[in-house]
Amino acid sequence: MPEEFTVTPYKVSGDIDYDVLVKRFGTKKIDEDMLSRLSKYGPLHPMLRRGIFFSQRDLEWLLDQYDKGNKFALYTGRGPSGPIHLGHLMPWAFTKYLQDTFKVKLWFQLTDDEKFMFYDHLTLEETKRWGYENALDIIALGFDPELTNIFLDTEYISTMYPTAIKAAKKINFSTIRAVFGFDNSYNIGSIFFTSIQTVPCFLESMERGKKVPCLIPCGIDQDPHFRITRDIAEGLGFYKPALIHAKLMPSLQGSEKMSTSTKTDTTIFTTDDKKTVKRKIVNAFTGGMVSVEEQRKKGGNPEICSVHQYNTYFFEPDDKALAKLYDDCRSGKMLCGECKNLLFEKVWRFLEAHQKKRLQARDKIEEFFVRD
Ligand code: TRP
């Protein structure tokens, strides 16, 4: 029986088949032609080479516009419901690559309203506080302050509201129910919310008083919001936003199906100390054999190994080095313990530097934030 899976902004479950998802959502796979086109603007990012950013909408059109001198703006966001982990940082690092490569403006939305409305356990004060905490991680990645606007929905609502209600008037409840799978028990703020996530697609156009193309790098789970946006954009006098989608980021415990352990230590937070990071990596799921002898003989299982996934997604940008890790695992030459140590060294080197920049970011907040 084919495996069932669900992907919406509010529910991700099952084992995702990304080829099936591309068909279901009606997006386009990033193919060789697109990769070779993108490589003309600068070296291809590893997340493109490795098919982590794997799907798109209207990217050809967006690049045609760019080639004609019509620059786009980037838009991405974060729902501030808690601390940032490495999986969150990965698509943002890719967003920075896009900003650096194309030298374009970025709008970064912090949806304190969304997380307040969707989570019973969070107050608005808490989501707002998480918004400011999360912004430190965003700033620490090195976005250009001249080209980056970060905002909290509740602090930018006067600017957004007229466009939000124009969008809302074009969206039926039945669409929301079908797209997000909401039933009658959802509060009405949740039902309205997608109109708030729509507006930043148009902020650059609104600011400049003319139509400006927009590119949204995001996890593919966010695509349903923007399908709605794309349906109404032209009716509101804007271009449809283009998208570039990432696969959903791995957990240290593998997928639900692979993991037998309880769901602790599934992820590394950006504020974890050295000991904690070490423990989490030592406990990570690898799919290795039960004994050293067996693994030497049969080799490990990089296909399902979370350590290998971390290397692939972020921590081993060098393709040759990654291939060697893969081969040495497969052949049984390198065992999981050694491989975990290597990953730990790389993760900690990255995190130590990130934590310093994160502290310094406290003094830079005002360079990045926009408010009504
Ligand atoms: N809804 C997203 C979340 O819960 C946050 C978000 C807002 C976002 N705007 C976005 C994500 C644009 C990607 C792109 O995480």
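Criteria and cut-off values
Residues numbered from 1 in each chain as written. Predicted model: local features only at pLDDT ≥ 70, side-chain atom pairs only at ≥ 80, totals over all residues. Heavy atoms only, no water. Helix = DSSP H or I, 4+ residues; strand = E, 2+ residues; numbered from the N terminus. Rg over C-alpha atoms; globule rule 2.2 N^0.38 Å. Buried < 20%, exposed > 50% of the residue type's maximum accessible area, 1.4 Å probe, protein only. Contact = heavy atoms within 4.5 Å. Areas by Shrake-Rupley, 256 points an atom, 1.4 Å probe, with all protein chains shown as cover. Near = heavy atom within 4 Å. Polar contact = N/O pair within 3.5 Å; in protein donor to acceptor, adjacent residues only side chain to side chain. Nonpolar A, V, L, I, M, F, W, Y, C, P; charged D, E, K, R; others polar.

> Looking at this structure, how should I read the overall build of the protein?
Secondary structure summary: the protein contains 19 helices and nine strands in total. Taken over the C-alpha trace, the protein has a radius of gyration of 21 Å; the compact-globule value for 372 residues is 21 Å, and the two agree within 12%. Its C-alpha atoms put the protein at 65 × 50 × 45 Å along the principal axes. Classification of the 372 residues of the protein by burial places 54% in the buried group. In the protein, once contacts between residues fewer than 6 apart in sequence are set aside, the share between residues at least 24 apart is 78%. When the accessible surface of the protein is split by element, carbon and sulfur atoms take 52% of a total near 17300 Å².

> Can you help me understand the site of the ligand in this one?
If you check the shell around the ligand, you find 14 residues, and the closest are Tyr75, Gln109, Glu114, Lys115 and Gln197. Lys115 is positioned with one of its side-chain polar atoms (N or O) 2.9 Å from an oxygen atom of the ligand. In isolation the ligand offers 360 Å² of accessible surface; the protein chains occlude 90% of this area. Sorting the residues of the shell around the ligand by element identifies strand E5 (73-78), helix H6 (112-118) and strand E8 (214-219) as the ones contributing at least two each. Per-element tally for the shell around the ligand: the top contributor is E5, with four residues. Its residues assigned to classes, the shell around the ligand shows four nonpolar, seven polar and three charged.

> Would you explain the side chain of Lys280 in this entry?
Within the element layout of this structure, Lys280 appears in helix H14 (residues 274-282). Looking at Lys280, its side chain comes within polar contact range of the main-chain oxygen of Thr267, at 3.0 Å. At 2.6 Å, the side chain of Lys280 and the side chain of Asp272 are in polar contact. Lys280 has contacts with Leu252, Asp265, Thr267, Ile268, Phe269 and Asp272, leaving out every residue within four places of it along the chain.

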